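Geometric and topological summary
The lines below spell out each chain.
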Amino acid sequence: MMRKKTASLIATFTLVTASSVFAQPKKETPDPKAAGAVKAAPAPEPEDTKWYDKVDFSGFVDVYYMYNNNPLQGSAVDTTRAFETSNKNFGVNAAALAVQKTAEKSSPWGFRVDFQNGQNNAYQEAPYVQYNGIYNYNMLKQAYISMYFPVLKGMTLDVGKMATHIGYEVLESMNNPNYSIGAIFQNTIPFIHTGARLTTQFTDKWAGTFYLYNSGGGTGYRTGVPDGSTTNNYFFEAATQHKAIGTQLKGQLIEDKLSITWNTLYSQDGATGRIDPTKQYLADQLAAQTGDPAVSALTAPAAKYNKDYWFMNHAILSMTPTDKIQIDLDYTWSEKAGGFAAANLAQQQYNPTGAATVETILGGTVSTEKTKSSYKAYGIFSKFKIGETWGINVRIEYIDDSHNNGRLTTFNPFAGSQAANSWYAGKYAQDKAIAEQIIAATPALGGLTADQLLAALDPKNYKDYGGSSNYGQYKTFTVTPVWNFTENLLIKLDMRRDWATGYQFVTQSGEKSKDQYGITLGVVAKFD
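Given the structure is predicted, the values throughout are model-derived calculations rather than measurements.

Further remarks concern the overall build of the protein chain. Secondary structure summary: the protein chain contains seven helices and 20 strands in total. Within the span of the protein chain, comprising 528 residues, buried residues form 47% of the whole. Restricting the contact set of the protein chain to residue pairs at least 6 apart, pairs at least 24 apart contribute 69%. Accessible surface, the protein chain: about 24,600 Å² in total, of which carbon and sulfur atoms supply 61%.

In structure tokens:
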């Protein structure tokens, strides 16, 4: 089965040839010479040109002020956003310096290094949370070497640490239509990988890239590794020797009017698969008969490349009807299987603990090695140019995670019950005391807990829309006026609304809400 899937990926790569290094022309800090956008060989340069004369420098400083209508403020981390997480405050999103020598026909070797620090850094790599430890490698956003080969219109091999090719948006706010990172990029795809990519420019309009990463989930840091350890690496990669395989296909269907990009990534990062529930049931019965609970402690089998996987597909259709209008349609489909799949089945409400019994096995309410979870995401990104210095960009997003066996947007801190919210502690204590009195006075309710009764009586505040529930279906709508103050200074004002199924947000006053409104003013000074 896996051979067929791998063969399919390779066949697709060779038949439909189209690519660039990233999912759109500006996938990282402005980089007109980046691999994947291989151009025709330049005119011969003077003999006395030195390699260091071809080294380019670029960089930026990115600052912002954000206001979201929720209770988070001060030093609290507002995880309803991806990188800009300081609510009602000024913040330094990122400060970066990039050094690059492009590999080309006249000088077939090169490199690129991106140094970066700022609030962005903590969330662009695993574990995607803040720690006080000093992670120097985290500040090295990209670092790779390049080699050029005179094949067809040019072939470039890059090896090292690099931004992902999956996704419409990128890590740098200045290269996205809007300032804030959208929900799709935040929740559905990895950010940075370590590995290799081979980009071939087949014609002036079509190119293709093949990727080989250490992991599909992206690089980063492992927590819990003691200082001075000689047996465990701080770097986070896949738990097996299997490499993630990706492709990117890109080309122009109508020159300067219509282009298409198709990305794929197949990976098997985890070390274990799923325990067969029938074997677990038999082990539980044997443990009960022998009185030895250790008998039921089965060991999960080793993961298999063709059963415990994450397979991502992503496509962009870019339309430019005039030189002042661009509309990009973005689509993501992803499937996780076996040990990689979300464990909670859609029927989880009937078997919340995942217990293996005859009834749950026959009824299909327990996870098996054939369990799969999937999600889809749809985005529309529009750019409208107004004069030489002004523009308005619009973003619309929808994440369909109804078949993900649980919500995909795990970063939203407000989706759960108000019982978990510190700003609601006083009201919750009062309501819980009343619920306990009702249960004590009503024998028919004796099987309920106070929280269960509160969820039934006041679902707006006490129903749990988070955790493993299937209350996702996250949506965003963002309008962003853009002002190119000068050639080197960019100003963006995001006006954004987020909403989802049920009451997954909390207002500034602490009340549950169906949506969240926010504004973010971002200013980026850049040079190249």
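Relative to the 24 Å expected for 17 residues at 1.5 Å per residue, helix α5 (residues 425–441) spans 24 Å between its end C-alpha atoms, a close match to the ideal helical length. Three or more residues of α5 are buried, namely Tyr428, Asp431, Ala435 and Ile439. Buried residues along α5 cover an arc of 80° about the axis, so they all sit on one side. Exposed side chains of α5 directed beyond 90 degrees from the buried face belong to Gln430, Gln437, Ala440 and Ala441. Against α6 (450–457) and α7 (459–462) lie the buried residues of α5.

With that out of the way, let us pick up a nonpolar patch on the surface. A cluster of nonpolar side chains, namely Ile145, Met147, Phe149, Val151, Leu152 and Val159, defines an oily patch on the protein surface of about 480 Å² accessible area. Counting residues per element, the nonpolar patch draws most heavily on strand β4 (residues 140–149), at three residues. Among the structural elements, Val151 can be located in the loop between β4 and β5 (155–163). The class of Val151 is partly exposed, set by a relative accessible area of 35%.

Looking now at the pattern of salt bridges. Counted under the stated rule, the structure contains 13 salt bridges. Note that Glu172 is salt-bridged to Lys141, the shortest N-O span being 2.4 Å. Remark: Lys141 occurs in strand β4 and Glu172 occurs in the loop between β5 and α2 (183–188); sequence separation between them is 31 residues. Glu172 sits in the buried class, given a relative accessible area of 3%.

The next point concerns the pairing of strand β11 (residues 258–267). Taking burial as the measure, the ten residues of β11 include seven buried ones, the bulk of the element. Bridging between strand β10 (residues 244–254) and β11 involves nine bridges; their strand directions are antiparallel. Paired with Gly251 across the two strands is Ile260, which belongs to β11. Counted along the chain from β10 to the antiparallel partner β11, the turn is three residues long, and its residue Asp256 has a positive phi close to 65°. Both β11 and strand β12 (residues 310–322) contribute to a ladder of ten bridges, which runs antiparallel. Bridge assignment links Tyr266 to a residue of β12, and that residue is Phe311.

Okay, the nonpolar core next. Counting residues in each nonpolar core, the largest one holds 28 residues, and the members touching the most others are Phe83, Leu171 and Ile399. Counting only elements with at least two residues in this core, the list comes to β5, α2, β7 (206–213), β12 and β14 (372–386). Take this core: its biggest share by element is three residues, from α2. Apart from residues no more than four positions distant in its own chain, Ile399 is found in contact with Ala183, Ile184, Asn187, Thr188, Lys376, Ala377, Leu408, Thr409, Gln473 and Tyr474. Core analysis: the next-biggest nonpolar cluster, separate from the first, contains eight residues, Tyr424, Tyr428, Ala435 and Leu454 among them.

Right, let's get into the pairing of strand β3 (residues 109–117). As judged from the seven bridges shared by strand β2 (residues 89–101) and β3, these two strands associate in the antiparallel manner. Directly across from Leu97, in β3, lies its bridge partner Phe115. Of the pairings in the sheet, the one linking β3 to β4 comprises seven bridges and is antiparallel in character. Pairing of Val113 across the sheet is with Ala143, part of β4.

Moving on to the side chain of His165. Its location among the elements puts His165 in the loop between β5 and α2. When its relative accessible area of 0% is taken as the criterion, His165 is described as buried. Only 3.0 Å separates the side chain of His165 from the side chain of Tyr213, close enough to count as a polar contact.

With that settled, consider the packing of aromatic side chains. For the structure on display, the rule yields 21 aromatic pairs. For the pair Trp310 and Phe340, a centre-to-centre distance of 5.7 Å together with 45° between the ring planes defines the contact as tilted. Here Trp310, found in strand β12, pairs with Phe340, found in the loop between β13 (325–337) and α4 (358–363); they are 30 residues apart in sequence, far enough to count as distant. Three or more aromatic residues link up through ring pairs in this structure, and these residues are Tyr266, Tyr305, Tyr309, Phe311 and Trp333. Residue placement shows Lys101 over the ring face of Trp109; its charged tip is 4.5 Å from the ring centre.

Let us now look at unusual backbone geometry. Although it is not a glycine, Leu152 adopts a positive phi angle of roughly 50°. With respect to the secondary-structure elements, Leu152 resides in the loop between β4 and β5.

To continue, consider the confidence of the model for the protein chain. Mean pLDDT over the protein chain: 85, with 84% of residues reaching 70 or higher. With pLDDT under 50 throughout, residues 1–38 is counted as low confidence; its partners more than four residues away or in other chains account for 122 contacts.

Note on placement: Thr164 falls in the loop between β5 and α2. Judged by its relative accessible area of 1%, Thr164 is buried. Along the chain, Thr164 and Thr194 lie 30 residues apart, while their C-alpha atoms are 9.3 Å from each other.

Let's shift gears to α6. Given 3.6 residues to a turn, an α-helix orients residues that are three or four positions apart in the same direction. Here α6 has its buried residues at Ala450, Leu453 and Leu454. Seen from one end, α6 has its buried residues packed into an arc of 100°, which puts them on one side. Structurally, α6 contributes buried residues whose contacts are with α5 and α7.

Looking now at the packing of α5 against α6. Contact pair α5 / α6: the axes reach a minimum separation of 9 Å and the direction vectors enclose 100°. Considering the angle they form, α5 stands roughly perpendicular to α6. Side by side, α5 and α6 meet where Tyr428, Asp431, Lys432, Ala435, Glu436, Ile438 and Ile439 of the first sit next to Ala450, Asp451, Leu453, Leu454 and Leu457 of the second. Counted by class, the contact of α5 with α6 contains eight nonpolar, no polar and four charged residues.

Structurally, Arg407 is set in the loop between β15 (390–400) and α5. Judged by relative accessible area, Arg407 falls into the buried class, the value being 11%. As for Arg407 and Tyr474, which are separated by 67 residues in sequence, their C-alpha atoms are 8.9 Å apart.

About the thresholds
Position labels on residues start from 1 in each chain and follow its written sequence. Confidence filtering applies because this is a predicted model: local features only for residues at pLDDT of at least 70, side-chain atom pairs given and counted only at 80 or more, and all residues used for totals across whole chains, interfaces and linings. Excluded from the side-chain calculations are hydrogens and water; all other atoms, namely the structure's heavy atoms, are used. Think of it this way: any DSSP run of H or I at least four residues long counts as a helix, any run of E at least two long counts as a strand, and we number them from the N terminus. When a residue's accessible area, from a 1.4 Å probe over protein chains only, is under 20% of the maximum for its type it is buried; when over 50% it is exposed; and in between it is partly exposed. It only takes one pair of heavy atoms within 4.5 Å for two residues to be counted as in contact. Method for areas: the Shrake-Rupley scheme with a 1.4 Å probe, in which residue coverage is limited to the protein chains shown. To estimate how far a helix should reach, multiply one less than its number of residues by 1.5 Å. The directions considered for the arc run from the helix axis to the C-beta atoms. A residue counts toward a patch only above 30% relative accessible area and without a salt bridge, and it is joined to like-charged neighbours within 9 Å or, for Val, Leu, Ile, Met, Phe, Trp and Tyr, to nonpolar neighbours within 5 Å. Salt bridge, as used here, is a side-chain nitrogen of Lys or Arg placed within 4 Å of a carboxyl oxygen of Asp or Glu. Strand pairing requires that DSSP identify at least two bridges connecting the strands. Grouping buried Ala, Val, Leu, Ile, Met, Phe, Trp, Tyr and Cys residues that are joined through side-chain atoms within 4.5 Å yields what is termed a nonpolar core. Between N or O atoms, a polar contact is any pair within 3.5 Å; within protein, one atom must be a potential hydrogen donor and the other a potential acceptor, and residues adjacent in sequence are included only when both atoms are from side chains. Under the pairing criterion, centres of Phe, Tyr and Trp rings, with the six-membered ring standing for Trp, must be within 6.5 Å; the plane angle then separates stacked pairs below 30 degrees from edge-to-face pairs above 60, leaving the rest tilted. Here, a charge over a ring is recorded when the distance from Lys NZ or Arg CZ to the ring centre is within 6 Å and its angle to the ring normal is within 35 degrees. Confidence of the predictor at the level of single residues is captured by pLDDT, which takes values from 0 to 100. Fitting a line to C-alpha atoms yields each axis, with helices limited to the stretch in contact; the angle taken between N-to-C directions then spans 0 to 180 degrees. Here the angle decides the label: under 35 degrees means roughly parallel, over 145 means roughly antiparallel, 65 to 115 means roughly perpendicular, and every other value means oblique. Charged residues are taken to be Asp, Glu, Lys and Arg, nonpolar residues to be Ala, Val, Leu, Ile, Met, Phe, Trp, Tyr, Cys and Pro, and polar residues to be all remaining types, Gly included.

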